[in-house]
Amino acid sequence: MTKLIDGKQVAENLKVQIASSVKKLIALGITPGIAVILVGDDPASQIYVRNKQRAAEKLGIDSEVITFPATVSEEKILAKINGLNANPAIDAILVQSPLPDHIDEHHIQSAIAPEKDVDGFHAHNVGALFANSEGYYPMANTPRGIMTLLKEYVPDLTGKNALVIGRSILVGRPMMAMLNNANATVTLAHRHTKNLAQLVATADVIIVAVGKPHFLKMSAAKADAVVIDVGINRLEDGQLVGDVLDDMPDSEQLLTPVPGGVGPMTIATLMQTTIELAQQHSIFE
Ligand SMILES: Nc1nc2c(c(=O)[nH]1)N[C@@H](CN(C=O)c1ccc(C(=O)N[C@@H](CCC(=O)O)C(=O)O)cc1)CN2
């Protein structure tokens, strides 16, 4: 098998550091708190939210899950967010994506106070990321978790050719900015990209976030490529597969597995961002 990048282990190491930071905060009388809003009954979202709550509990972070039926009005969600914005016990607010079609996701994300925007989706925080601003601001947790993973395996990204496939707000766009801020030469590919095979063949690092099972074959990438698979696709037989097919046994390439790669890093990084927001609030209280 291609060498696997152990996201589970890196996430566990990160959680040990987070637990120690939480202890220090609690000793100062500060208990970090996260509120997660879940709308509707999407089974995958329910699992992810439960996993977030469990991770928070284990680390000593207070968590509150607010559930709404799929038919809820935008106004009701906005009213809840306003309440959480004003609640000093809550450091971090997250609205689980995707939302039902009648809810404007951008409208909802924009209502979260930028200093409690644990997903880093608010335009204020997106702008800071794209400007590579100094000072603290929260960033999207999946790409940030990928940056933490990459640090373990590619400590210096300077001048590396990085290819990001998929331009979602959740992954592709912030990933492009983070890699750019780390001095990689970044290409953002999407459904209209014409020369994808050529871009894949020359990339040192490839991030695949398209949501299509086995979209990319490892044999299409360089012999020493590092490939990050963000896809989580459940096949009809129940099998969970990523966006990447590992058809290169014995190669020197590196690949994140699915499950056990990017997913655990997303949750651990969410906890990391939560305690950073609590630290920020304690400084500026
Ligand atoms: N508001 C947000 N919504 C969503 C985000 C997000 O970052 N913010 N990301 C995804 C879902 N997600 C977290 O919310 C997430 C997805 C997957 C995993 C994970 O640990 N996956 C496991 C496999 C789990 C399984 O069996 O299904 C793995 O890859 O090992 C964690 C978090 C969309 N929504």
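Per chain, residues are indexed from 1 in the order of the written sequence. Two thresholds apply to this predicted model, a pLDDT of at least 70 for residue-level local features and 80 or more for giving and counting side-chain atom pairs, whereas whole-chain, interface and lining totals are computed over all residues.

**Q** Give a detailed account of the nonpolar core, specifying residues and quantitative values.
**A** Formed by 80 residues in total, the largest nonpolar core has its most connected members in V164, I206, I207, V208, V227 and M271. The leading source of residues in this core is helix α9 (residues 262-284), at 9 residues. Boundaries between domains were set according to an automatic or database domain assignment. If you count residues domain by domain, this core takes at least three from each of domain 1 (29-114) and domain 2 (141-263). Any two residues are considered in contact once their C-beta atoms, placed from the backbone, lie within 7 Å. Discounting residues that sit within four places of it in the chain, V208 has contacts with I165, F215, L216, V227, I228, D229, V230, G231, D243 and V244. Any set of buried Ala, Val, Leu, Ile, Met, Phe, Trp, Tyr and Cys residues joined through C-beta atoms within 7 Å is what this text calls a nonpolar core. Here a residue counts as buried when 20 or more other C-beta atoms sit within 10 Å of its C-beta, as exposed when there are 12 or fewer, and as partly exposed otherwise, the C-beta atoms being derived from the backbone. Put simply, DSSP marks the helices as runs of H or I at least four residues long and the strands as runs of E at least two long, and each gets a number from the N terminus on.

**Q** Give me helix α1 (residues 7-27): which residues, what numbers.
**A** With 21 residues, α1 should cover 30 Å at 1.5 Å per step; its first-to-last C-alpha distance of 30 Å lies within 8% of that length. Turning to α1, its buried residues number three or more, namely G7, V10, A11, L14, I18 and V22. Down the axis of α1, the buried set is contained in an arc of 115 degrees. They therefore lie on one face. In α1, the exposed residues that point more than 90 degrees away from the buried face are Q9, E12, V16, Q17, S20, K23, K24 and A27. Of the surrounding secondary structure, the elements contacted by the buried residues of α1 are α2 (43-59), α6 (141-153) and α9. A helix's residues, less one, multiplied by 1.5 Å, set its expected span. Arc, as used here, means the arc of the directions from the helix axis to the C-beta atoms.

**Q** Residue-level account of the UniProt feature "domain: Tetrahydrofolate dehydrogenase/cyclohydrolase NAD(P)-binding" (unreviewed entry) in the protein, with values.
**A** UniProt positions are given in the numbering used here, feature names are shortened, and annotations may be inferred rather than shown by experiment. According to UniProt, the "domain: Tetrahydrofolate dehydrogenase/cyclohydrolase NAD(P)-binding" (unreviewed entry) feature falls on residues 141-281. In this annotation, residues 141-281 is assigned 35% helix and 20% strand; the end-to-end C-alpha distance for the span is 19 Å.

**Q** How would you sum up the domain arrangement of the protein? Please name residues and give values.
**A** The assigned domain composition of the protein is domain 1 (29-114) and domain 2 (141-263). A separation of 28 Å is found between the C-alpha centroids of domain 1 and domain 2.

**Q** Describe the site of the ligand, with residues and values.
**A** Around the ligand lies a shell of 19 residues, among which Y48, S97, P259, G263 and T266 are the nearest. At the level of elements, α2, β4 (92-95), α6 and α9 are the ones that each hand at least two residues to the shell around the ligand. At 4 residues, α9 tops the list of elements feeding residues into the shell around the ligand. In this classification, Asp, Glu, Lys and Arg are treated as charged, Ala, Val, Leu, Ile, Met, Phe, Trp, Tyr, Cys and Pro as nonpolar, and every other residue, Gly included, as polar. Of the residues that constitute the shell around the ligand, the class distribution is 11 nonpolar, 7 polar and 1 charged. We call a residue near a molecule or strand when its C-beta atom, built from the backbone, sits within 6 Å of it.

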